[in-house]
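Structural characterization, general
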Amino acid sequence: MTDKTQNAMWGGRFADGPDAIMEAINASISFDQRLYAQDIAGSRAHAAMLAAQGIISDKDAEAIREGLLTVLSEIETGNFAFSTALEDIHMNVEARLKEIIGEPAGRLHTARSRNDQVATDFRLWVRDRCDEAVGKLSALCMALVGQAEAGADWVMPGFTHLQTAQPVTWGHHMLAYVEMFSRDIGRFTDARKRMNECPLGAAALAGTSFPIDRHATAAALGFDRPAANSLDAVSDRDFALEFLAAASICAMHLSRFAEELVIWSSAQFRFVALSDRFSTGSSIMPQKKNPDAAELIRAKVGRIMGANVGLMMVMKGLPLTYSKDMQEDKEQVFDAADNLMLALAAMDGMVRDMSANRTNLEAAASSGFSTATDLADWLVRALGLPFRDAHHVTGSLVAMAEKKGCDLPELSLAEMQSAHPGITDEVYSVLGVHNSVASRQSFGGTAPDQVRARIVEWKSRLA
């Protein structure tokens with residue numbers, strides 16, 4: 001059935017209103033109402049500029065300003081009735097403004113279009129989410145630095161292929177994630193710089209004949225400059241894609257750490273204990289303490305990366321400038337942002353609450369012949385063997401220890417010398433896990449001294 005009432009937005013061109021199905025598929029107010037604060041901020045800046053340029057009167061600008069503040073208050077207090085018939089946040093705000101102040105509300109849309117309006121609103125919203133992500137990542141990094149400081153000299157196994165490789169320190173492992181998440185901070189910061197150009201004033205696609213001051217509106221909204229090309233300004237969604245790309249990489253990092261927490265908190269590892277605040281129980285097995293927060297964080301990367309791919313597919317075939325397809329840009333960005341912020345907050349909470357089991361970490365570090373590389377290095381330094389020869393000698397000693405069911409430090413000197421007669425009892429000084437980690441003094445290595453130096457640096461950078 002068709003509504004015979006003319007549409008308030010384009011009634012002059014259309015005799016009939018939209019079909020109910022058309023109204024349903026066309027409306028975006030169910031989700032873009034989240035842009036209300038940005039929309040009102042953009043409208044206030046636009047109205048102030050119009051008055052400054054003499055395009056509207058100061059009296060009308062003041063009425064618009066006060067009316068918009070009333071609308072903002074109504075939305076924030078839950079007293080605003082959103083209408084699907086009005087399609088989007090822009091028309092909902094404008095219609096309510098007209099009810100409040102009358103005729104001056106109709107002057108607000110002078111020299112702008114919903115095309116540059118939504119591009120501005122959305123860019124402001126994504127810019128805010130970049131700032132939020134940086135804040136949450138910085139907090140998470142500080143939590144990890146705290147863990148690193150507490151266990152700067154605690155030894156644990158370092159893994160390759162999830163097999164014991166060489167001993168490392170707990171502090172070094174925690175700081176590895178600080179490095180990862182700091183790169184995420186850099187990506188969000190860099191994306192924010194690039195997106196900080198204002199589309200407002202590009203109008204529908206070609207700019208406007210009114211003598212507007214786009215630099216004034218850009219400055220009022222905290223942008224570095226106005227977008228330089230009106231066609232690009234209304235059609236660009238790179239800012240949203242860059243946010244999603246950064247969010248996807250960040251979510252992947254969170255997922256990797258979450259996977260380690262799931263493994264480490266298991267009964268088979270017992271490297272860490274997660275707090276009750278971030279764990280759940282079982283409805284049937286009373287002994288269970290499940291790392292559900294970590295598992296859910298691990299799953300978030302799917303929907304966040306899915307949003308990235310989804311928006312890329314929306315944009316990939318669109319000609320310049322605006323197409324209605326671009327209405328599909330927001331829901332997936334909103335969802336990805338919500339889930340990333342939740343995942344970051346949950347990981348921060350888990351890291352701050354978790355306790356590492358130093359005894360179990362050290363016991364695991366000593367297993368699996370983790371100091372075999374130290375033995376090979378000693379053979380090179382002390383006996384002058386080529387590394388490949390030292391590797392072969394060490395391999396034979398590992399096989400011997402494995403057959404005896406003991407670790408390398410437990411082999412006798414005579415047994416060591418059966419693999420190479422030049423081995424002396426000095427070799428035992430490098431075989432303990434604490435000796436091993438202490439020797440890794442190269443920049444970026446796992447030695448406690450190196451870890452503590454990095455902790456000082458990170459505290460300064462994150463302060």
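Residues numbered from 1 in each chain as written. Predicted model: local features only at pLDDT ≥ 70, side-chain atom pairs only at ≥ 80, totals over all residues. Heavy atoms only, no water.

What to know about the pairing of strand E2 (residues 163-169)
The cut-off we apply is this: Strands are treated as partners if at least two bridges between them are detected by DSSP. Going along the chain from the N terminus, every DSSP run of H or I of four or more residues is numbered as a helix, and every run of E of two or more is numbered as a strand.
Bridge count for strand E1 (residues 155-160) against E2 is six bridges, and the pairing is antiparallel. Considered in E2, the bridge of Pro 157 is made with Pro 167. From the end of E1 to the start of E2, which pair antiparallel, there are two residues, and His 161 there has a positive phi angle of about 60 degrees.

Some remarks on the nonpolar core
Stated formally: Nine residue types can take part in a nonpolar core, namely buried Ala, Val, Leu, Ile, Met, Phe, Trp, Tyr and Cys, and a core is a set of them joined through side-chain atoms within 4.5 Å. Think of it in three bands: with a 1.4 Å probe and only protein chains considered, a residue is buried below 20% of the maximum accessible area for its type, exposed above 50%, and partly exposed in between. It only takes one pair of heavy atoms within 4.5 Å for two residues to be counted as in contact.
Membership of the largest hydrophobic core comes to 100 residues, with the highest contact counts inside it found for Trp 170, Phe 188, Leu 254, Phe 257, Trp 264 and Met 347. For this core, the leading source of residues is helix H10 (residues 238-264), giving 16 residues. The contacts of Phe 257, once residues within four sequence positions are left out, are Leu 144, Met 174, Tyr 177, Trp 264, Met 347, Val 351 and Met 354. In this structure, Leu 375, Cys 406, Leu 408 and Ile 423 belong to the second largest nonpolar core, which totals 20 residues.

Observations regarding the pattern of salt bridges
Convention followed: In what follows, salt bridge is the name for a side-chain nitrogen of Lys or Arg lying within 4 Å of a carboxyl oxygen of Asp or Glu.
Taken as a whole and assessed by the stated rule, the structure comprises 29 salt bridges. Here the salt bridges do not stand alone but share partners, grouping Glu 87, Asp 88, Arg 114 and Lys 324 into one network.

Things to note about the environment of Arg 194
As a reminder, the rule being used: A 3.5 Å cut-off defines polar contacts: any pair of N or O atoms within that distance qualifies, except that in protein one atom must be a possible hydrogen donor and the other a possible acceptor, and neighbouring residues in sequence count only when both atoms are side-chain atoms.
One can find Arg 194 in helix H7 (residues 170-195). Looking at Arg 194, the relative accessible area reads 45%, which means it is partly exposed. Within polar-contact distance, the side chain of Arg 194 engages the side chain of Asp 190 at 2.7 Å. A distance of 2.8 Å separates a polar atom in the side chain of Arg 194 from a polar atom in the side chain of Glu 242.

Section: the packing of helix H6 (residues 114-150) against H10
The geometry of a pair of packed helices is captured by two quantities: the angle between their axes and the separation between those axes. Quick reminder of the rule: All axes here are fitted lines through C-alpha atoms, helices being fitted over the stretch that makes contact, and every angle between N-to-C directions spans 0 to 180 degrees. Roughly parallel means an angle under 35 degrees; roughly antiparallel means over 145; roughly perpendicular covers 65 to 115; every other angle is labelled oblique. Two helices cross in a left-handed way if the nearer one is turned anticlockwise from the farther one by less than a right angle. They cross in a right-handed way if the turn is clockwise. All residues other than Ala, Val, Leu, Ile, Met, Phe, Trp, Tyr, Cys, Pro, Asp, Glu, Lys and Arg, Gly among them, are scored as polar; the first ten of these are nonpolar and the last four charged.
Axis separation between H6 and H10 bottoms out at 10 Å; the angle between their running directions is 25 degrees. By the angle between their directions, the pair H6 and H10 is classed as roughly parallel. Of the two elements, H6 crosses H10, and the hand of that crossing is left-handed. Here H6 contributes Ala 119, Phe 122, Arg 123, Val 126, Arg 129, Cys 130, Leu 137, Leu 140 and Leu 144 to the contact with H10, which in turn contributes Phe 239, Ala 240, Phe 243, Cys 250, Leu 254 and Phe 257. Residues of the contact of H6 with H10, tallied by class, amount to 13 nonpolar, no polar and two charged.

Some remarks on the side chain of Ser 43
Tracing the chain through its elements places Ser 43 in helix H3 (residues 36-52). Contacts of Ser 43, omitting those with residues within four sequence positions, involve Leu 68, Leu 108, Arg 112 and Gln 117.

Details of a nonpolar patch on the surface
Counted only if it meets this: Patches in this entry comprise residues that are over 30% relatively accessible and not in a salt bridge; like charges within 9 Å are linked, as are nonpolar side chains (Val, Leu, Ile, Met, Phe, Trp, Tyr) within 5 Å. Shrake-Rupley sampling with a 1.4 Å probe provides the accessible areas, and residues are treated as covered by the protein chains on show and by no other component.
Together, Met 305, Val 309, Met 312 and Met 313 line one region of the surface with nonpolar side chains, adding up to about 360 Å² of accessible area. With respect to the helices, strands and loops of the structure, Met 305 is situated in helix H11 (residues 292-315). Classification of Met 305 by relative accessible area gives partly exposed; the value is 38%.

Concerning the confidence of the model for the protein
Which entries qualify depends on this criterion: Residue-level confidence of the predictor is what pLDDT reports, using numbers from 0 through 100.
Per-residue pLDDT for the protein averages 92, and the proportion of residues at 70 or more is 94%. Under a pLDDT of 50 for its full length, residues 1-6 has, in the predicted model, 15 contacts with residues more than four places off or in other chains.

Focus on the side chain of Thr 217
Of note, Thr 217 is situated in helix H8 (residues 214-220). In this view, Thr 217 contacts Ala 45, His 46, Met 49 and Leu 200; residues no more than four positions away in its chain are not counted.

Quick word on the state of the cysteines
To be explicit about the condition: Disulfides are defined as cysteine sulfur pairs within 2.5 Å.
A full pass over the atoms with the stated rule returns zero disulfides. Here Cys 141 is not cross-linked by a disulfide; its sulfur's nearest cysteine counterpart is in Cys 250, at 9.2 Å. This cysteine, Cys 198, is not joined by any disulfide, and Cys 130 carries the nearest cysteine sulfur, 16 Å off. For Cys 198, a relative accessible area of 0% corresponds to the buried category.

A look at the packing of aromatic side chains
Defined as follows: Each Phe, Tyr or Trp ring (for Trp, its six-membered ring) is paired with any other whose centre lies within 6.5 Å, and the angle between the two planes then decides the class: stacked below 30 degrees, edge-to-face above 60, tilted in between. By definition here, charges over rings are those cases where NZ of Lys or CZ of Arg is within 6 Å of the ring centre and within 35 degrees of the ring normal.
By the definition in use, this model includes eleven aromatic pairs. Taking the centre distance of 5.5 Å and the plane angle of 75 degrees together, the rings of Phe 122 and Phe 239 count as edge-to-face. A residue pair is termed long-range when its members are at least 10 positions apart, and Phe 122 in helix H6 and Phe 239 in helix H10 qualify at 117 residues. Comparing Phe 122 with Phe 239 shows no difference in burial state: the two are buried. Site record: aromatic cluster; members linked through ring pairs are Phe 159, Trp 170, Trp 264, Phe 269 and Phe 271. Against the face of Phe 334 rests Arg 34, its NZ or CZ located 4.8 Å from the ring centre. Over the aromatic face of Phe 122 sits the side chain of Lys 330, whose NZ or CZ is 5.6 Å from the ring centroid.

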